[in-house]
Amino acid sequence: MPDIVQNPEVLALLDELTRMPGRADPYPRYARLREISPVVRADDGALVVTGYGDCATVVRDPRLQHLPADMLAFVGFPDWREHPALHQLFTSMLTLNPPDHTRLRRLVSSAFTPRRVEALRPAIERMVQDLLDGMDGHDEVDFVEAFAFPLPVNVIGELLGVPAQERAGFQTLVRDWTQVLEVITPDVLARADPAAAAIRDHLAGLVEQRRQRPTDDLLSALVQAQAADDRLTDEEVLSNAALLFAAGFETTTNLLANGVVALLHHPEQYALLGRRPDLAQPAVEELLRYDSPVQLSSRVVTAPLELGGVTVGEGERVVAYLGAGNHDPARFPDPGALRLDRADNAPLSFGGGIHYCLGAPLARLEAQIALPALARRFPSLALTGQAQRRDSLSLKGYTSLRLRTG
Ligand code: HEM
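Remember, predicted model here, so these are calculated numbers, not experimental data.

## Some details on the sheet that holds strand E5 (residues 296–301)
Spatially, five strands are ordered E1-E2-E8-E5-E3 in an open sheet, and the strand pairing comes out mixed. Only two strands of the sheet have a single neighbouring strand rather than two, namely strand E1 (39–41) and strand E3 (64–65). Pairing geometry for strand E2 (residues 47–49) and strand E8 (residues 317–321), over three bridges, is parallel. Within E8, the position partnered with Val 48 by the bridge is Val 319. Of the strands in this sheet, E2, E3, E5 and E8 are in contact with helix H3 (residues 52–60), which crosses E8 at around 125°.

## Focus: the coordination of the iron atom of the ligand
Protein coordination of the iron atom of the ligand is limited to a single donor, Cys 357 (SG), positioned at 2.2 Å. Mapped onto the secondary structure, Cys 357 falls in the loop between helix H17 (322–325) and helix H18 (360–377).

## Let's talk about the sheet that holds strand E9 (residues 382–389)
Strand order in the open sheet formed by three strands is E4-E10-E9, and the pairing between neighbours is antiparallel. Here the strands that pair on one side only, and so sit at the sheet edges, are strand E4 (140–142) and E9. For this sheet, the mean inter-axis angle between neighbouring strands, taken without regard to orientation, is 15°.

## Some words on the packing of helix H12 (residues 186–212) against helix H13 (residues 218–228)
The contact between H12 and H13 brings their axes to 9 Å, and the two run at 65°. Regarding the angle of H12 to H13, the classification is roughly perpendicular. Here the hand of the crossing between H12 and H13 comes out right-handed. Contact residues: Leu 206, Val 207, Arg 210 and Arg 211 in H12; Leu 219, Ser 220, Val 223 and Gln 226 in H13. For the contact of H12 with H13, the class distribution of residues is four nonpolar, two polar and two charged.

## Some remarks on the nonpolar core
Counting 97 residues, the largest nonpolar core has Phe 143 and Phe 147 as the members making the most contacts within it. For this core, the element with the most residues is helix H14 (residues 234–264), which contributes 17 residues. Among residues more than four places away in sequence, those in contact with Phe 147 are Val 128, Leu 131, Leu 132, Met 135, Pro 152, Leu 256 and Ala 370. The next biggest cluster of nonpolar side chains, apart from the first, holds 20 residues, and it includes Val 58, Leu 305, Val 318 and Leu 322.

## A short note on the environment of Tyr 52
Topologically, Tyr 52 is positioned in helix H3. Taking the relative accessible area as the measure of exposure, Tyr 52 reaches 11% and is therefore buried. With 249 residues separating them along the chain, Tyr 52 and Val 301 place their C-alpha atoms 18 Å apart. If sequence neighbours within four positions are ignored, Tyr 52 has contacts with Gly 325, Asp 328, Arg 331, Phe 332, Ala 346 and Leu 348.

## Examining the side chain of Gln 179
Summarising the element assignment, Gln 179 is placed in the loop between helix H11 (170–177) and H12. For Gln 179, the side chain forms a polar contact with the main-chain oxygen of Asp 391, separated by 3.3 Å.

## Observations regarding the site of the ligand
Near the ligand, the surroundings consist of 27 residues, among which His 101, Arg 105, Ser 297, His 355 and Cys 357 are the closest. At 2.8 Å, a side-chain N or O of Arg 299 approaches an oxygen atom of the ligand. The separation between an oxygen atom of the ligand and a polar side-chain atom of His 355 is 2.6 Å. Contributing elements (two or more residues each) for the shell around the ligand: helix H5 (100–109), H14 and E5. Looking at which element gives the most residues to the shell around the ligand, the answer is H14, with seven residues.

Conventions and cut-offs
- Residues numbered from 1 in each chain as written.
- Predicted model: local features only at pLDDT ≥ 70, side-chain atom pairs only at ≥ 80, totals over all residues.
- Heavy atoms only, no water.
- Pairing = 2+ DSSP bridges.
- Helix = DSSP H or I, 4+ residues; strand = E, 2+ residues; numbered from the N terminus.
- Contact = heavy atoms within 4.5 Å.
- Axes fitted to C-alpha atoms, helices over the stretch in contact; angles between N-to-C directions.
- Donors = N, O, S within 2.8 Å, 3.2 Å for Na, K, Ca; no water.
- Parallel < 35°, antiparallel > 145°, perpendicular 65-115°, else oblique.
- Left-handed = near helix turned anticlockwise from the far one by under 90°.
- Nonpolar A, V, L, I, M, F, W, Y, C, P; charged D, E, K, R; others polar.
- Core = buried A, V, L, I, M, F, W, Y, C linked by side-chain atoms within 4.5 Å.
- Buried < 20%, exposed > 50% of the residue type's maximum accessible area, 1.4 Å probe, protein only.
- Polar contact = N/O pair within 3.5 Å; in protein donor to acceptor, adjacent residues only side chain to side chain.
- Near = heavy atom within 4 Å.

Written as structure tokens, this is what we have:
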């Protein structure tokens, strides 16, 4: 078996992916890494895979699991419980393994079945029309503020039961909290911890109200599930409510903004989307592939397996660059081209296996309604060149995106 490659070029490429401008355009770096070797070793010892098949294996194969919270000590955070940002993340279903993961996911999964989500279509269509009306009449708008943030935050806010006037306040808090999905430094924690604590306190107030007076929202369902099952702790109710709310809007905001930028860089594809309503579904898959809002996912190996032609042993940490897998030319011919009608498209953007994104049907529905409606309403939409990227890669998106509407 060949040794796993770690050389100065690999380390330099991986380093570029941890900061701007490398984070903004990771695709050429992914391609070079994949060319060097399908599996390479980072300077912190983790293995990095960039091929479609290997990334799919990492997220799907049960021999790989999330790093158990107790192992966080090994990666430099023995005191993770003292950090609200880490504590809230590592007690949510996103990073838990069975049986805890199974128990928590079961509690909320019924709210996100394709049928339940499809029932939200009329409400989402109304919200989209209202937001487009709000953009109309302005020569220039910040698309993130005017559309990409309000749509998903209001959809998940309604579902979860976060009052309308309180939703906007979560935008910066969630951005600061989710920086812990990047390289964790003392600076990152200094912002992420108070943000996570504020999210938790706010949700704790809402949960308390639901205990007194349940309604038909998801927060009430979590509270009622806790009453029926004494294994669900207060901490788990809050961590999973925070996860649902944050994952429910931040990623979808990024899908809409990344999607619009991709479309406006390919004006013929944007025009096509306006003309061909039948492309709504494949177009969203292609936009998810082209510039995925989630670019990476990490696991630890619990039993030896082969990745990229190399046997990987128990205890190795592995990072799957999902965005790289989505641009693997062995899986997607001409991966740098945006083709809304691309055949056989199965991007890795929602992950896979037991952690496959719970909100995927909801995110898809929102984007399938929103993007074609935008293309019909504003056929001359254009970039002004003033875009502010979020300084992150794990969650890839924009904090501000100015567009001319006509
Ligand atoms: C375009 C939008 C979205 C993208 C790209 C996305 C991506 C992902 C990915 C990649 C994972 C798996 C992470 C891993 O395996 O490490 C995930 C998990 C998850 N997502 Fe999403 N997501 C999106 C929207 C949403 C929405 C709208 C919701 C909520 C309503 C949501 C809720 C969740 C939850 C709860 C999990 C954890 C599932 C589990 O661990 O079993 N996501 N998402």
